[in-house]
Amino acid sequence: MNDTRSRIILEALRLFAVKGYDGVSVRDIAGAVGVKESSLYKHFTGKQAIFEDIIGEFPKRYGEMTEELGIEETNPVQLAQHYAAMPEEALLTLGERLFLFFSRDEFASLLRNMLTMAQYSHPLAREVYRRLYLESPIEFQSHLFKEMIGLGVFIEADPGSMAAQFYAPLFLLLGWSDLQPGGGEQALESLRSHIRQFSAVYARPKA
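Residues numbered from 1 in each chain as written. Predicted model: local features only at pLDDT ≥ 70, side-chain atom pairs only at ≥ 80, totals over all residues. Heavy atoms only, no water.

Asker: Sorry if this is basic, but what is going on with the overall build of the chain here?
Answerer: From N to C terminus, the chain includes 10 helices and 0 strands. Element order for the chain, N to C, with α for helix and β for strand: α-α-α-α-α-α-α-α-α-α. The dimensions of the chain, computed from C-alpha atoms along their principal axes, are 70 × 35 × 30 Å. The contacts of the chain with a sequence gap of at least 6 include a subset with a gap of at least 24, amounting to 66%. (Helix = DSSP H or I, 4+ residues; strand = E, 2+ residues; numbered from the N terminus. Contact = heavy atoms within 4.5 Å.)

Asker: I'm lost on helix α4 (residues 47-69) in this one. Help?
Answerer: Three or four residues apart is the spacing at which side chains of an α-helix point the same way, because the helix has 3.6 residues per turn. Taking 1.5 Å of rise per residue, the 23 residues of α4 would be expected to cover 33 Å, and the 34 Å separating its terminal C-alpha atoms lies within 8% of that figure. The complete set of buried residues in α4 reads Lys 47, Ala 49, Ile 50, Phe 51, Ile 54, Ile 55, Glu 57, Phe 58, Met 65, Thr 66 and Leu 69. Of the residues trailing α4, Gly 70 is marked for its positive phi of about 80°. (Expected span 1.5 Å × (residues − 1). Buried < 20%, exposed > 50% of the residue type's maximum accessible area, 1.4 Å probe, protein only.)

And the structure:
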């Protein structure tokens, strides 16, 4: 992606996250980037195209992050085996780094703000918000926990209920960290406590 196109996407995201999709014009975006509107149209056909590229950019960034953490494998079977072999402290560290990506990475946090605002008026934003923050995490974690039960890591339980119990506090902590300046360390401590508590409830006692 060329530099100008990248700047357009980032500046548009910053504006959308603060003013909302409907509150931002192509002229606003061009002004934030420091180019003429005519120059912006060389890269995008309009505001909707920029919006769609912002959404399309996130999976790439998320993929790069998970690859860096060594968990780019999206197959729940193989990922369950990977997690099963990790000591608790390593799992806690991994949980922290994932949480920090969503809460402190500029692109990820601005995207969440943008979609939160735009979901009420923009059909694509509503669809992506539902899929990205509600449906996909629960679906994936349900499959993951099912595999971990099968491996004997967790006790017998309903994987869907486990996923909801695990994910809901994480979603709450993300919202809390957004609204509490300087509350990041408290959020991380709550995250670690939550992971330990979840493990205490569902982990199968070692023989």
